[in-house]
Amino acid sequence: MSRGIPISGLTLVSALGRGWAAHARALRADASGLTPEPFADGVPTLVGRVAGLDAVTLPRSLARYDCRNNRLALLALESDGFAEAVARVVRRVGPEAVGLIVGTSTSGIAATEAAYRTQAFARTHTLPADYPYRETHNVFATADFARQVLGLQGPAVAVSTACSSSAKALAAGARWLRAGVCRAVVVGGVDSLCATTLYGFRALDLLARGPVRPFSAERCGIAIGEAGGFALLTTADLAAGEACLTLAGAGESADGYHMTAPHPEGLGAYEAMAAALAAAGRGQDEIDYIALHGTGTVYNDAAEDRAIARLGLTHVPAGSNKGALGHTLGAAGLCALATLGVAMREGFVPGTVGTRARDPALSVNLVLTARPARLRVALLNTFGFGGSNCSLVVERAS
Amino acid sequence: MSAFVSGLGVLGPGLWDGAQALAALGQDAGLATDVRAPRVAGLSANEARRCPLVARYALDVGQQALAAAGRDAAHLATVFSSASGDLEIFDKNARALAQSPPALSPTLFHNSVHNAVAGYWGIAQGTRAASTSLSAYDESFAAGVLEALMIVDRERQALLIAYDVPPPAALAAARPITVPFAVAVLFTSEDPSGQAARVAWRFGVEGEEVTRMPGALEALRLANPAARALPFLQTLARRATRPLILPYVGGRRLVLEVSHARP
């Protein structure tokens, strides 16, 4: 990529709080938003739950879209003046010229999980024809909802590639702008808590029973979090003076190896990172920070570590936010982007909450606690099930 | 931004592979209604056992398209587009979660992600090429074409695989998809053969008349979001040069300008 894509609006709602200021406070203080929510059988686990979703009300005309995922999306759109920033762009270029991409792994499937637990379902074993599948459960539901909330008429799509979803949505947004498909793109990452992911990761024995400790020798799994975040990507002329970050390059790859286990040498991860650096035109000595995927599982962290070592980036300060806000799955890329945005603008490097010391068997230059620093160029990693990898190079806007 | 159609795979009612589909759609006769069982190559016995039906459809047509073009998947970016993904797996998981105590099978869980199909593709083809997995509800075929054409612009080739299968009984009323349908289109920036169809795109006008299928085939076009590809396939079959108006998100239209060189 010869020149970067300006990001002129950015917001996040997560277990750490709502909006930019809450995240700045929590990240500087190395706070964790994870809370114990043991399973019904008493097996302990931590969860990164967003407060206040029960009180969120959808516009009446979009009542059929009501579900946890869309409430989370709405809360995010109404944070940090994000919807207003989009409205200003719409006024300049028209609603047809503004696209929307949402990355999500599980969309609103929690609504249908709940429908399967009702007496009515136990009796009929079927959902009625008027069940709002399209508006809640379907992969595209949150994109369709956000598109209508914002009054956009440009192209819209959902990207669903498990934990790389919203990073790949950002990469797709950059692709759309470069191709001239639209003049601005709203890119979201929204994933909310549901039984499928909680019990699914439990079945894979990948849930931590205590604190999440990325890249530590004590690491023992993930905590599932929920988050909703949005970024406004525009052409350069529309960003004038308002950009906080620049999306300088994206790299995408597949593992082609296993459905859940990463390639042991992190080959796919290496290729995604190398492609992102090449697209951004950045060398190894120009990267100030790596926002690790850093889930806190034994094999994922080891594979990511090997990929970073192979790329010659073990000198670069690196950290993971998974111990602070949990693994937000499809929203992980947007969480990493927003926490990077906060750190770059507020002048600090975030720590790796939960980790007391780096695993001596690993080699990254792990930042344990937040400290003042001027970050200019960062590499951001996300790696998902099905071997779906996406790395981004993000720069502070000058 | 335009690309050539260098390979095709089709699997649906009365459409058993790309070549037969073009032959059948080139005539005005109706189609048979039976569907060939999908075939998948390249997976180990273990992976093949775990590979769900929806992924079999997608891999079948993708492998057809590669074979038709005589290409391999090593550096071939893929776009998987499915309106509703794997509802069979969702149904099994949701039933297991409604039990007390709830318990999930690890295999069913990892198969439940929308990009499980892409995962099986990467394993079957032994490729680490980039891949994305999309949905735009009933407009997923058009959204997939648009994404693939943008990728061809940079990568010189991209394989679009659009697919959906009927949901299980519990979801059949809430999400009516009544037949299975999968289509793969290999788009390339060059056409050494000089015979391939060229596809360019533009956004159409809201409310513009959508290109429909003649007679009974119109019901098939509407029976599955991936079957919205039928007018495109018929245009290829007849080597016609014409604009195709596809329904797109929010009532908009995606217009594909398909052109064939005169023989």
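Above: the structure in question.
Residues numbered from 1 in each chain as written. Chains lettered and ligands numbered in written order. Predicted model: local features only at pLDDT ≥ 70, side-chain atom pairs only at ≥ 80, totals over all residues. Heavy atoms only, no water.

1. Focus: the environment of A:Arg374
Residue and element names in this part refer to chain A.
At step 1: Take Arg-374: it is sitting in the loop between β15 (371-372) and β16 (377-384).
At step 2: Separated by 30 residues in the primary sequence, Arg-374 and Met-344 place their C-alpha atoms 6.6 Å from one another.
At step 3: With residues near it in sequence (within four places) discarded, Arg-374 still touches Asp-288 and Arg-396. (Helix = DSSP H or I, 4+ residues; strand = E, 2+ residues; numbered from the N terminus. Contact = heavy atoms within 4.5 Å.)

2. Looking at the side chain of A:Ser391
Residue and element names in this part refer to chain A.
At step 1: Within the secondary structure layout, Ser-391 lies in strand β17 (residues 388-396).
At step 2: Within the structure, the side chain of Ser-391 is placed 2.8 Å from the side chain of Asn-381, a separation counted as a polar contact.
At step 3: Once residues lying within four places of it in the same chain are set aside, the contact partners of Ser-391 are Gly-249, Ala-250, Gly-251, Ala-272, Met-273, Ala-276, Leu-379, Leu-380, Asn-381 and Phe-383. (Polar contact = N/O pair within 3.5 Å; in protein donor to acceptor, adjacent residues only side chain to side chain.)

3. Thoughts on the interface of chain A and chain B
At step 1: On the side of chain B, 57 residues touch chain A, which itself brings 61 residues to the contact.
At step 2: Contact with chain B buries area across many residues of chain A, yet A:Tyr116, A:Tyr133 and A:Met259 alone supply 15% of it, more than any other trio.
At step 3: Along the contact surface separating chain A from chain B lie two salt bridges.
At step 4: With a closest N to O distance of 2.8 Å, A:Glu271 and B:Arg128 form a salt bridge.
At step 5: Across the contact surface, chain A and chain B share 17 residue pairs in polar contact (both at pLDDT 80 or more).
At step 6: Of all the elements in the fold, those that place two or more residues in the side of chain A that touches chain B are α4 (109-116), α6 (133-137), β6 (156-159), α8 (165-179), α9 (195-203), β10 (245-254) and α11 (267-280) of chain A.
At step 7: At seven residues, α9(A) tops the list of elements feeding residues into the side of chain A that touches chain B.
At step 8: Of the residues contributing to the side of chain A that touches chain B, the split by class is 30 nonpolar, 20 polar and eleven charged.
At step 9: Sheet analysis places β6(A) next to strand β3 (residues 131-135) of chain B, joined by two bridges and oriented antiparallel. (Buried area = accessible area lost by both parts, 1.4 Å probe. Salt bridge = Lys/Arg side-chain N within 4 Å of Asp/Glu carboxyl O. Nonpolar A, V, L, I, M, F, W, Y, C, P; charged D, E, K, R; others polar. Pairing = 2+ DSSP bridges.)

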